[in-house]
Amino acid sequence: MSDIDFSKIEKKWQKAWHDKKVFEVKEDKKKPKQYVLEMFPYPSGSGLHMGHAHNYNIGDIYARFKRMQGFNVIHPMGFDSFGLPAENAAIKAKSHPKKFTEEAIANFIEQMKELGLSYDWSRKVETHKPDYYRWDQWVFLKMYEKGLVYRKKSPVNWCPECNTVLANEQVISGKCWRHEDTSVEIKHLEQWFLKITDYADELYEDLNKLDDWPELIKRLQRNWIGKSEGAEIDFIINKEKWKVFTTRPDTLFGVTFLVISAQHPRLMELVDSKQKVKVQEFVKKLHSVKEEDLDRMEKEGVFTGNYAQHPLTGEKIPLYAGNFVLADYGSGMVMGVPAHDERDYAFAKKYQISITSVVKPENNEKINAPYTGPGVLIHSEGFDGLQTAEAKEHIIKALEIKKLGRKVINFRLRDWLISRQRFWGTPIPIIYCEKCGAVPVPEKDLPVILPDKIQFSGVSNPLLTYKPFLETTCPRCKGKARRETDTMDTFVNSSWYFLRYCDPHNEKKIFDKDKAAYWCPIDMYVGGKEHACLHLIYFRFYTKFFRDLGLITFGEPAKRLFNQGFLLGPDGERMSKSRGNVVLPEVISKKYGIDVARLFLVSIASPDKDILWSDEGIDGSFRFLKRVFTYASTLKEGKSSKKIESKLHTTIKKVTDEIESFRYNLAVIRLRSLFESFEHESIAKSDFNAFIRILSPFIPHLSEELWQMSGNKGFASLSAWPAVDEKKIDEKFEQAEKAVEKTISDILNILRIVDEKKGKSNKIYVYVMPFELENYNAEELSKRVGKPVMVFSVSDKKKHDPEGKSSKAKPGKPGIYVD
RNA sequence: GCAGAGGUAGCAAAGCGGUCAAAUGCGAGGGACUCAAGAUCCCUUCCUUCAGUAGGUUCGGAGGUUCGAAUCCUCCCCUCUGCACCA
């Protein structure tokens, strides 16, 4: 059996699955559905490595498990096939990105099939195909209708390496998300935005409903959306009301200065003529500072020469321009309360501004300024003695009466900038007419197709100079017009793909409502945590929008989310082609078979942890599977002992649990342990079949083979998950098993001593309590200790017991005599 | 700086108040089989002890709670991952 060719077996079953369309599914109202999805990949030219395999394997095990449990499982796969790498490759080769993309996809599919992933390939979506991206454009138009799309000239993040702008979410510590060494520059451009902020509150609050999402992701999203409750307070400057946002309206009486952002568009209106030069110098200085250094800069400001009027006291408050105030958060102006805010304190110290304490800690403890905690109000006119929390309410109320302030909620989340100055993306369906301005392309004219016959020569978007695309007529006035050449961020494509899987070939609609209603929402979504504030926010936003359009009835796309860990290469680094530490599935497959690799990947550690690939480790999984095959091919039908039955059903129960909770590593250990019990005795065929079935999600191909070897018809993949028979589970067998193990180690221990003292021993006699007799199998014991073992009941009259060791026997602890 | 996650035997990794000297895999050592190697199978793998089921010292470090702690609490050290002036 050692020459068994797993790889060959796998090919056979891959073909059978494909030929019989085993994983294709249709809506079936009579069956409960289960939507299992792994984040679809960008089809890179370098193909799949073991790291990808690990990811898809985790989802596949779950999908297979659910399928066997009787669910109608939709488990689709597709490709997020727009994106820069293909375009860059095209520029380099003066070719078309479509060519690279489609070759890469073909390669990916091939590789995925070799992994034996149970996808319904009839549902494949590819985002670069017009029949997909036309619906991106359609959604854009719908958002446009609903006022969720706008165009604005604004400072945007520009990656010089990508030659395009980036969304806020794509800037990571001042660097591009794709180029960790490239600093993002700020440019001022006219760009299209999606008003995700309209959904900010819901995106924030609904996180509380996502009980089965990892806390980590929810925390990151909360952080990113950044909801803060506070007040908007009007300060009068030059007889005009200027809004200031604060989360601490309770400290209003401690305000001793105001700061307006140096980037504020209306800054100069507020600067006194005497200070103009100074302020201009200050602003100029800031412009020369790189974005990335801005973070680390000291808080600086310059007096504008102007004063604001305090809304409640009427006091004159100096106004500064500051480098640390964000122009696009709140109102771009803040109030300075140096006694109760670290930054304000430092600022006040630096510019010798007075400090007025208005909150004292409850227990009168001595504190170092500034005091930022809660307490009781002082020096706050009629509000003295109030707790900070109630003071907030009262002061806001007072402001509301005077119409000088109101309760307000602010978000850190910004609108989603979707314009990209690149070719390989969904064209934004907008036409610029000299008379009518920006006009959306009428729905009937969709899709706006990306041209195939276009030359890739330079670094910039070739659409800019490609007349057949560029030149068009205005849908409104029929006059001369030109098309928008910017394309959409690729995250647009991935924001709703899970819905398209439900009805991937629909030419009339984005998807059929009933089909989507049957399959959605996603029951189990598997993917990396790096998307916490990107894809995972965007697709929640799209889902809410679709709900508001009436296309679906749910507001959250995925009920459960699982973040898998990364597979690290043998060198302990993230597996990637550029690092040169990739392990290729096809290489491993050839040597061991892919099921061996799949089993190994989930044996190493809990799937949510980063795991380390090791070339030796996989041998363990290989040995195990070889043993299983040897066993299966020599299996003689028998009757299972009560002990085996108990263990089998315990295992089924636990493995079911462990798959459900993604503790695959523990499930594998249990399966191995069950098999070891099998090895020592004869078992019923039906019990072996149950074992094959619970093994099946982990080693799908080999299970099919075992299933067939065992004389079964059909596919193990489609067989029913074994039911647990609680009546057969009896813990006493587990204890018995432990007692046997202990006995073996005792025997060996005694043997060692005896061999040392008296020379070679021959036979071992074990005396057990009469009711324990069935637990002690002489044959197995002999094999385990490597010497003949005889088992007697203590009550057996004919037992060989020259030293009366049987009298030492206790339940669970047999007497032992060595001859 | 703030917020999270984590530090377990040679390595990886379970365990998260008693049944824990701590599952499992790898590695290492010994044995069986073989002319031999490989494969396979069995055993051992913190220390000591021994015709057995015993004792000792362990789960980043130091304290504490408890009849009892790898598991709970406090402080400290280290590693990783997010957010970095959002008022």
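So, how was this worked out
- Residues numbered from 1 in each chain as written.
- Chains lettered and ligands numbered in written order.
- Predicted model: local features only at pLDDT ≥ 70, side-chain atom pairs only at ≥ 80, totals over all residues.
- Heavy atoms only, no water.
- Pairing = 2+ DSSP bridges.
- Helix = DSSP H or I, 4+ residues; strand = E, 2+ residues; numbered from the N terminus.
- Axes fitted to C-alpha atoms, helices over the stretch in contact; angles between N-to-C directions.
- Contact = heavy atoms within 4.5 Å.
- Buried < 20%, exposed > 50% of the residue type's maximum accessible area, 1.4 Å probe, protein only.
- Salt bridge = Lys/Arg side-chain N within 4 Å of Asp/Glu carboxyl O.
- Phe/Tyr/Trp six-rings, centres within 6.5 Å; stacked < 30°, edge-to-face > 60°.
- Lys NZ or Arg CZ within 6 Å of the ring centre and 35° of its normal.
- Expected span 1.5 Å × (residues − 1).
- Core = buried A, V, L, I, M, F, W, Y, C linked by side-chain atoms within 4.5 Å.
- Parallel < 35°, antiparallel > 145°, perpendicular 65-115°, else oblique.
- Left-handed = near helix turned anticlockwise from the far one by under 90°.
- Nonpolar A, V, L, I, M, F, W, Y, C, P; charged D, E, K, R; others polar.

### Digging into the sheet that holds strand 29 (residues 789–793)
Pairing between the strands of a sheet comes from backbone hydrogen bonds, and it takes one of two forms, parallel or antiparallel. Taken in spatial order, the three strands line up as 29-28-30 in an open sheet, and their pairing is mixed. Because the sheet does not close on itself, it has two edges, and the strands there are strand 29 and strand 30 (815–818). Put simply, the sheet's adjacent strands are angled 20° from each other on average, direction ignored. The sheet contact formed by strand 28 (residues 764–768) and strand 29 spans five bridges and is parallel. Counted as the bridge partner of Val766 is Val791 from strand 29. Docked against the sheet, helix 25 (residues 778–785) engages strand 28 and strand 29, running at close to 140° with respect to strand 29.

### Quick word on the side chain of Asn493
Here Asn493 lies in helix 13 (residues 490–493). A relative accessible area of 0% places Asn493 in the buried class. Those residues within four positions of Asn493 in sequence are excluded, and the remaining contacts are Asp80, Phe82, Thr127, Tyr132, Asp136 and Thr426.

### Concerning the sheet that holds strand 4 (residues 164–166)
Within the open sheet, the four strands sit side by side as 4-3-7-17. Their pairing is antiparallel. A strand with exactly one partner marks an edge of an open sheet, and here the two such strands are strand 4 and strand 17 (416–417). Pairing of strand 3 (residues 149–159) with strand 4 involves three bridges; the strand directions are antiparallel. When the bridges of strand 4 are listed, Cys159 appears paired with Thr164. Packed onto the sheet, helix 5 (residues 130–145) meets strand 3 and strand 7 (185–194) and runs at close to 85° relative to strand 7.

### Notes on the pattern of salt bridges
Counted by the stated rule, this structure contains 46 salt bridges. The closest approach of N and O atoms between Lys209 and Asp206, which form a salt bridge, is 3.2 Å. Residues joined by salt bridges that share partners form a network here, namely Glu202, Asp206, Lys209, Arg540, Lys544, Arg547, Asp548 and Glu556.

### Observations regarding the packing of aromatic side chains
In total, this model carries 58 aromatic pairs according to the counting rule given. When the ring of Phe245 is compared with that of Tyr329, the centres are 6.1 Å apart and the planes differ by 85°; the resulting orientation is edge-to-face. Pair noted here: Phe245 is in strand 9 (residues 240–246) and Tyr329 is in the loop between strand 12 (316–322) and strand 13 (333–336), with a separation of 84 residues, a long-range link. Assessed through its relative accessible area of 22%, Tyr329 is described here as partly exposed. Residues Tyr320 and Phe347 carry aromatic rings whose centres are separated by 5.5 Å and whose planes lie at 85° to one another, so their mutual orientation is edge-to-face. In this pair, Tyr320 is assigned in strand 12 and Phe347 in helix 10 (residues 342–350), connecting sequence segments 27 residues apart. Across the pair, Phe347 and Tyr320 agree in class, each one buried. Aromatic ring contacts, followed pair by pair, group Tyr199, Trp416, Phe491, Phe511, Tyr538, Phe541, Tyr542, Phe545 and Phe546 into a single cluster. Against the face of Tyr307 rests Lys316, its NZ or CZ located 4.5 Å from the ring centre. Directly above the ring of Phe469 sits Arg483, whose terminal nitrogen or CZ lies 5.8 Å from the centroid.

### Digging into the environment of Lys187
Considering the arrangement of structural elements, one finds Lys187 in strand 7. Residues Lys187 and Cys159, spaced 28 residues apart in sequence, show a C-alpha to C-alpha distance of 9.8 Å. Apart from residues no more than four positions distant in its own chain, Lys187 is found in contact with Ser154, Pro155, Val156 and Trp158.

### A look at helix 16 (residues 535–549)
With 15 residues, helix 16 ought to run about 21 Å at 1.5 Å a step, and its terminal C-alpha atoms sit 21 Å apart, in line with that. Positioned one or two residues after helix 16, Gly550 has a phi angle of 90°, which is positive.

### Some details on the nonpolar core
With 173 residues, the main nonpolar core has Trp416 and Phe546 as its most contacted residues. In contact with Trp416, other than residues within four places in its own chain, are Ala167, Trp192, Phe193, Leu194, Ile196, Asp489, Phe491, Val492, Ser495, Tyr538, Phe541 and Tyr542. Listed in part, the 39 residues of the second largest apolar core include Phe282, Leu286, Val359 and Phe383.

### Considering the packing of helix 3 (residues 84–93) against helix 4 (residues 97–114)
The relative placement of two packed helices is expressed as an angle between their axes plus a distance between the axes. Where helix 3 contacts helix 4, the axes come no closer than 8 Å and their chain directions differ by 125°. One finds that helix 3 runs oblique with respect to helix 4. Note that helix 3 runs across helix 4; the crossing there is right-handed. For the pair helix 3 and helix 4, contact is made by Ala86, Glu87, Ala89, Ala90 and Ala93 and by Pro97, Phe100 and Thr101, respectively.

### Quick notes on the side chain of Ser793
With respect to the helices, strands and loops of the structure, Ser793 is situated in strand 29. With residues up to four places along the chain from it excluded, the contact list for Ser793 reads Val768, Pro770, Leu773 and Lys799.

### Remarks on unusual backbone geometry
Here the bond from Leu446 into Pro447 is cis, since omega is -5°, no more than 30 degrees from zero. Residue placement: Pro447 occurs in the loop between strand 20 (437–440) and helix 12 (467–470). Cis geometry is found at the peptide bond from Cys520 to Pro521, where omega equals -5°. One non-glycine residue, Asn238, lies in positive phi territory at about 50°. Residue position: Asn238 is located in the loop between strand 8 (227–237) and strand 9. Not every positive phi belongs to a glycine, and His379 is a case in point at roughly 50°. Looking at where His379 falls in the secondary structure, it is placed in the loop between strand 15 (376–377) and helix 11 (388–401).

### Considering the packing of helix 7 (residues 215–225) against helix 16
Interaxial distance between helix 7 and helix 16 falls to 11 Å at its minimum, and their mutual angle equals 75°. It follows that helix 7 is roughly perpendicular to helix 16 by the angle criterion. Residues Ile217, Gln221, Trp224 and Ile225 of helix 7 pack against Leu536, Ile537 and Arg540 of helix 16. Tallied by class, residues from the contact of helix 7 with helix 16 come to five nonpolar, one polar and one charged.

### Considering the environment of Leu463
Its place among the elements puts Leu463 in the loop between strand 20 and helix 12. In this structure, the C-alpha to C-alpha distance between Leu463 and Asn493, residues 30 residues apart in sequence, is 20 Å. The contact partners of Leu463, leaving out residues within four places of it in the chain, are Phe423, Leu450, Pro451, Ile454, Phe469, Leu470 and Thr485.

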